[in-house]
Amino acid sequence: MPDPFDLDDDAPEPPRHPVAAPRPAAAAPWLNELNAEQRQAVETTEGPVLVLSGAGTGKTRVLTMRLAHILLSGRARPWNLLAVTFTNKAAREMRERVATLVGPAAEQCWLGTFHALGVRMLRRHAPLVGLESNFTILDTDDQLRLLKQIMEAERVDAKKWPAQALMGTIQRWKDRGLSPLRVGGGDAGDMAGGRAAELYHLYQDRLRTLNACDFGDLLLHCLTIFQDPSQADVLAGYQEQLRYILVDEYQDTNVAQYLWLRLLAQKHKNICCVGDDDQSIYSWRGAEVGNILRFERDFPGAAVIRLEANYRSTPAILAAAAGLIRHNEGRLGKTLRPGRQDAEAGSPIVVRGLWDGEEEARWVVEEIEAQQRAGIHLGQMAILVRAGFQTREFEERLITTGVPYKVVGGLRFYERQEIRDALAYFRVVMQPADDLAFERIVNVPKRRLGDATLQAIHVLARRQGVGLVAAARQLIQTDELKPRARAVLAGLLSDFDRWRGLVEGVPHPELAATILDESGYTGMWQQEKTPDAQGRLENLKELVAALEEFDSLAGFLEHVSLVMENDEKSDAERVSIMTLHAAKGLEFDVVFLPGWEEGVFPHQRAMAESGAKGLEEERRLAYVGVTRARRRVFVSYAANRRIYNQWQSSLPSRFVEELPAETVERLAEQGLFGGVADSAAAWAANWSSGYLTQRRREHPPEAIGPVESGTPEGGFSPGDRVFHQKFGYGRVLAVDGNKLEIGFDKAGAKKVIDSFVALA
Ligand code: ATP
Ligand code: MG
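Residues numbered from 1 in each chain as written. Chains lettered and ligands numbered in written order. Predicted model: local features only at pLDDT ≥ 70, side-chain atom pairs only at ≥ 80, totals over all residues. Heavy atoms only, no water.

## Regarding the overall build of the protein chain
On a plain count of helices and strands, the protein chain comes out with 28 helices and 24 strands. In the protein chain, once contacts between residues fewer than 6 apart in sequence are set aside, the share between residues at least 24 apart is 75%. When the accessible surface of the protein chain is summed, it comes to about 33200 Å², and 50% of that surface belongs to carbon and sulfur atoms. (Helix = DSSP H or I, 4+ residues; strand = E, 2+ residues; numbered from the N terminus. Contact = heavy atoms within 4.5 Å. Areas by Shrake-Rupley, 256 points an atom, 1.4 Å probe, with all protein chains shown as cover.)

In structure tokens, the structure reads:
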């Protein structure tokens, strides 16, 4: 594989650029808001500058001020400036901030995310890469569908080589700035039978035919144009125009982004990147923290400025964060000292162990209300979770107590696609006349019911003024439909009847799990094998767990419809819930960090996939989390979690123990972990013996009140040969109350309810 950095741009050695000597702020009053080091970073306008420093040291503020300073001092016009932010929200904030300093001129800067800037450039030059300027940008679903079509046409075995995996490879190539011309046959090993590079080629051709591109193309196409000697004037034009380049969150840029910046900066070399290697949390999306080291090599003579004063957090929070991140090896290392003169030492970080997730949510929301009574606005508080499914329990509690909230960078739990699909299944079971729900899932997972079939159902329903389910019921008794469609539809309707028949007899969480399993819905996501699909499966599990808290499925559905109602509070009056990834660059007075349990955080999958490196990235995430807070941090963990129908006990995250004791106030109930597991030695032993995170065990009855006693033995034992109405013959693998796990001859292993099984 070629070195993606090799661009043959053998520019002559640039001169060393001196760091600007600090000068009295009076010359430029807007510099008053900065300390001496920050001023240097702002005033060293000429030449490459790297600002490398810890969280909350004012990197983003420096970038904003630098932008304003360049404009206000007349060094450049707005369109001579390009500033890259990590999110659109950050871009908006920077634009507003600059506008208060320089007025409407701010509008004319090139300011936005890599994607936004990439689109803007590409629209101007689309024909150079075979697109029209009104090209469409495909979302991930469309991308995948397209790739699947190509693989099908090329007869690549989709079972053996999931399109999803190839998509990932193509994206990584794009992240590295590699167009199809720059990848070779063997670059993806034997993926897709050794044809990955060829398929990449075909995929790009197809996109071009459709006048479309994907997100990765936005910069990749720009790179292609910039690197094309016959189009040298395009790049030269930008190089001339963009006299000053500014980049925030530099530690999370990928190779393509880096190359794009490097090409644009090649003439004036006035590029200023700010970042923090300890906050590099996107390696899974192709980010390369090595870009920091590369910068000094590619821009020799770069001024490296370190900011050490932290203006965000109390000394206690800073000490905790520093103690935590110290456990990572391979850091560039830096000092952080409290910068706020007025800062009181601050309260220690509260670490609270709780019995289970519900109690954890209750405690967090009680603390939120207490903080609110103490005068902190809801908009200044945030709950930061590791994974999306964790939001549900907090949303539930916030709704119950009437505390307004928003889920930032994602949907509220009950608005997510997989949750809506699952709810649609439940709704059709409870209410067959619910046409909207039926329509939503009739072909999800794909049942290959074509348009003609659906059309026929609709037509009949309209003609007779009945619901879709009723219409479908009639249709399957006729010859109107093709035999296959008829059989599929009949199967689905009888599934619904069967599930409906269970509503009275089977505990509703179990019924829900059965519906999702037997309908093939869970299986659909299991086959996807992407991080995205993993998240959806976690959400589905969480949904089933949520049902436990309600008396019936009907009661639950009613609850959801009430929950979905929107209130009309402004953002300032809402608590934010978001993932740690989405919280990068933000700050709040009070931050809650729940779910600090081994397996949840550090996340089991991240560690399984990337070992020690994965653990370090998880630790950086923890560091990002702690350093979002100005005044208070509340860390919590639960001793027990309900996963599907099972209680599992968990161990506190190792990160809890890594917070220096003197910065922490621990509030754990006695005996949560049986006294034994609650020690660092025990965790370490568990880990080194490969014993992962969660031991299954019975929930101690005295602690949570009545435990559903297992239903009496249903008369099946492992090894029995049985017959199931839907899946046919098989052998019982395991018995769990009235649930059986059966290895079916044709359908493979399934969980089923014993009432549908007969001894064969
Ligand atoms: P992160 O690494 O989390 O992105 P950062 O280095 O970008 O942090 P900023 O968000 O720019 O830090 O600044 C952190 C906080 O400190 C902000 O509220 C900012 O307004 C404030 N701040 C920065 N510099 C100063 C200063 N010289 N005087 C007072 N407050 C400051
Ligand atoms: Mg920042």
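## Notes on the sheet that holds strand β3 (residues 110–112)
On the basis of which strands lie adjacent, the open sheet formed by 6 strands has the order β3-β2-β6-β7-β1-β8 and parallel pairing. In this open sheet, the two edge strands, each paired with only one partner strand, are β3 and β8 (303–305). Taking the axes of each pair of neighbouring strands and ignoring which way they run, one obtains an average angle of 10° across the sheet. (Pairing = 2+ DSSP bridges. Axes fitted to C-alpha atoms, helices over the stretch in contact; angles between N-to-C directions.)

## Points about unusual backbone geometry
Of all residues except glycine, most have a negative phi; of all peptide bonds, most are trans. Val444 connects to Pro445 through a cis peptide bond whose omega is 0°. Mapped onto the fold, Pro445 is located in the loop between α17 (435–441) and α18 (451–464). Going from Phe601 to Pro602, the amide bond is cis rather than trans, its omega being 5°. With respect to the helices and strands, Pro602 occurs in the loop between β15 (588–593) and α25 (604–626).

## What to know about the nonpolar core
Note on soluble globular proteins: their nonpolar side chains tend to be buried together. One finds Tyr414, Leu423, Phe426, Leu543 and Phe556 to be the most contacted residues of the largest nonpolar core, which totals 53 residues. Of the residues forming this core, the biggest block, 8 residues, is contributed by helix α16 (residues 417–430). Not counting residues up to four positions away in its chain, the partners in contact with Leu423 are Tyr414, Leu543, Phe556, Leu557 and Val560. Residues Leu50, Leu52, Leu261 and Ala302 belong to the second largest nonpolar core, which totals 43 residues. (Core = buried A, V, L, I, M, F, W, Y, C linked by side-chain atoms within 4.5 Å. Buried < 20%, exposed > 50% of the residue type's maximum accessible area, 1.4 Å probe, protein only.)

## So, α16
Taking 1.5 Å per residue as the helical rise, α16 with its 14 residues ought to reach 20 Å, and the 20 Å between its terminal C-alpha atoms agrees with that figure. Along α16, 10 of the 14 residues are buried, which leaves the element largely enclosed by surrounding structure. Looking only at α16, the buried set comprises Glu418, Ile419, Asp421, Ala422, Leu423, Ala424, Tyr425, Phe426, Val428 and Val429. (Expected span 1.5 Å × (residues − 1).)

## So, the site of ligand 1
As a structural note, the neighbourhood of ligand 1 is formed by 19 residues, with Gln38, Lys59, Thr60, Glu587 and Arg628 the closest of them. A distance of 3.2 Å is found between a nitrogen atom of ligand 1 and a backbone nitrogen or oxygen belonging to Glu33. Here ligand 1 loses 82% of its free accessible area of 630 Å² to cover by the protein chains. Sort the elements by how many residues they give to the shell around ligand 1 and helix α2 (residues 59–72) lands first, with 3 residues. Counted by class, the shell around ligand 1 contains 3 nonpolar, 9 polar and 7 charged residues. Of the residues that make up the shell around ligand 1, three or more belong to each of domain 1 (25–124 + 221–310) and domain 3 (319–330 + 344–412 + 567–698). (Near = heavy atom within 4 Å. Polar contact = N/O pair within 3.5 Å; in protein donor to acceptor, adjacent residues only side chain to side chain. Nonpolar A, V, L, I, M, F, W, Y, C, P; charged D, E, K, R; others polar. Domains from an automatic or database assignment.)

## Things to note about helix α19 (residues 468–475)
What α19 keeps buried is the set Leu468, Val469, Ala471, Ala472 and Leu475. The arc that holds the buried residues of α19, viewed along the axis, is 160°, so those residues lie on one side. (Arc of directions from axis to C-beta.)

## Details of the packing of aromatic side chains
What describes a pair of aromatic rings is the distance from one ring centre to the other and the angle between the planes of the rings. Within this structure, the stated rule accounts for 22 aromatic pairs. With a centroid separation of 5.4 Å and an interplanar angle of 25°, the aromatic rings of Trp173 and Tyr200 are classed as stacked. One end of the pair, Trp173, is in helix α6 (residues 163–175); the other, Tyr200, is in helix α8 (residues 196–209), with 27 residues separating them in the sequence. With relative accessibility at 4%, the residue Trp173 sits in the buried group. Three or more aromatic residues joined by ring pairs form one cluster here, namely Tyr425, Phe496, Trp499, Tyr521 and Trp525. Of note, Arg120 hangs over the ring of Trp110, and the distance from its end group to the ring centre comes to 3.7 Å. The cationic tip of Arg412 hangs over the ring face of Tyr405; the distance from NZ or CZ to the ring centre is 4.5 Å. (Phe/Tyr/Trp six-rings, centres within 6.5 Å; stacked < 30°, edge-to-face > 60°. Lys NZ or Arg CZ within 6 Å of the ring centre and 35° of its normal.)

## Remarks on the side chain of Glu597
Topologically, Glu597 is positioned in the loop between β15 and α25. A distance of 2.7 Å separates the side chain of Glu597 from the backbone nitrogen of Ala638, its partner in a polar contact. Not counting residues within four places of it along the chain, the set of residues in contact with Glu597 comprises Glu360, Pro602, Tyr637, Ala638, Arg641, Ser650, Leu651, Pro652 and Ser653.

## A look at the state of the cysteines
Under the criterion given, the structure shown has 0 disulfides. Of all cysteine sulfurs, the one in Cys213 lies closest to Cys222, which takes part in no disulfide; the gap is 9.5 Å. (Disulfide = S-S within 2.5 Å.)

## A few points about the side chain of Lys584
By the secondary structure assignment, Lys584 is in the loop between β14 (575–579) and β15. Given the relative accessible area of 8%, Lys584 is considered buried. A distance of 3.4 Å separates polar atoms of two side chains, one belonging to Lys584 and the other to Glu249. If we skip the residues at most four places from it in the chain, Lys584 touches Phe86, Glu249, Gln251, Asp252, Gln279, Ile281, Tyr282, Val624 and Arg628.

## Observations regarding the packing of α6 against α8
The geometry of α6 relative to α8 is characterised by a closest axis approach of 11 Å and an angle of 80° between their N-to-C directions. It follows that α6 is roughly perpendicular to α8 by the angle criterion. Residues Leu166, Met167, Ile170, Trp173 and Lys174 of α6 pack against Ala196, Ala197, Leu199, Tyr200, Tyr203, Gln204 and Leu207 of α8. (Parallel < 35°, antiparallel > 145°, perpendicular 65-115°, else oblique.)

## A word on the pattern of salt bridges
Scanning the entire structure with this criterion turns up 44 salt bridges. Across the pair Glu46 and Arg75 runs a salt bridge whose closest N-O atoms are separated by 3.8 Å. Linking Glu46 in the loop between α1 (36–43) and β1 (49–52) with Arg75 in the loop between α2 and β2 (81–84), this pair joins segments that are 29 residues apart in sequence. Residue classification places Arg75 among the partly exposed positions, given a relative accessible area of 29%. Among the ionic contacts, a cluster of salt bridges with common partners joins Glu360, Arg392, Glu393, Glu396, Glu542, Glu549, Glu597 and Arg641. (Salt bridge = Lys/Arg side-chain N within 4 Å of Asp/Glu carboxyl O.)

## Points about the confidence of the model for the protein chain
Mean pLDDT over the protein chain stands at 85; residues scoring 70 or higher make up 87%. For the stretch residues 1–16, pLDDT sits under 50, and the model shows 30 contacts to residues farther than four places along the chain or on other chains. Overall, residues 674–713 carries pLDDT values under 50, and its contacts beyond four positions in sequence, including any with other chains, amount to 54 contacts. (pLDDT = per-residue confidence, 0-100.)

## Overview of the packing of helix α9 (residues 215–226) against helix α11 (residues 255–265)
Each pair of packed helices can be summarised by the angle the axes make with each other and by the distance between the axes. Contact pair α9 / α11: the axes reach a minimum separation of 10 Å and the direction vectors enclose 40°. Relative to α11, α9 is oriented oblique. Relative to α11, α9 is oriented so that their crossing is left-handed. Together, Leu219, Cys222, Leu223 and Phe226 of α9 and Ala256, Gln257, Leu259, Trp260, Leu263 and Leu264 of α11 make up the contact between the two elements. Split into classes, the residues belonging to the contact of α9 with α11 amount to 9 nonpolar, 1 polar and no charged. (Left-handed = near helix turned anticlockwise from the far one by under 90°.)

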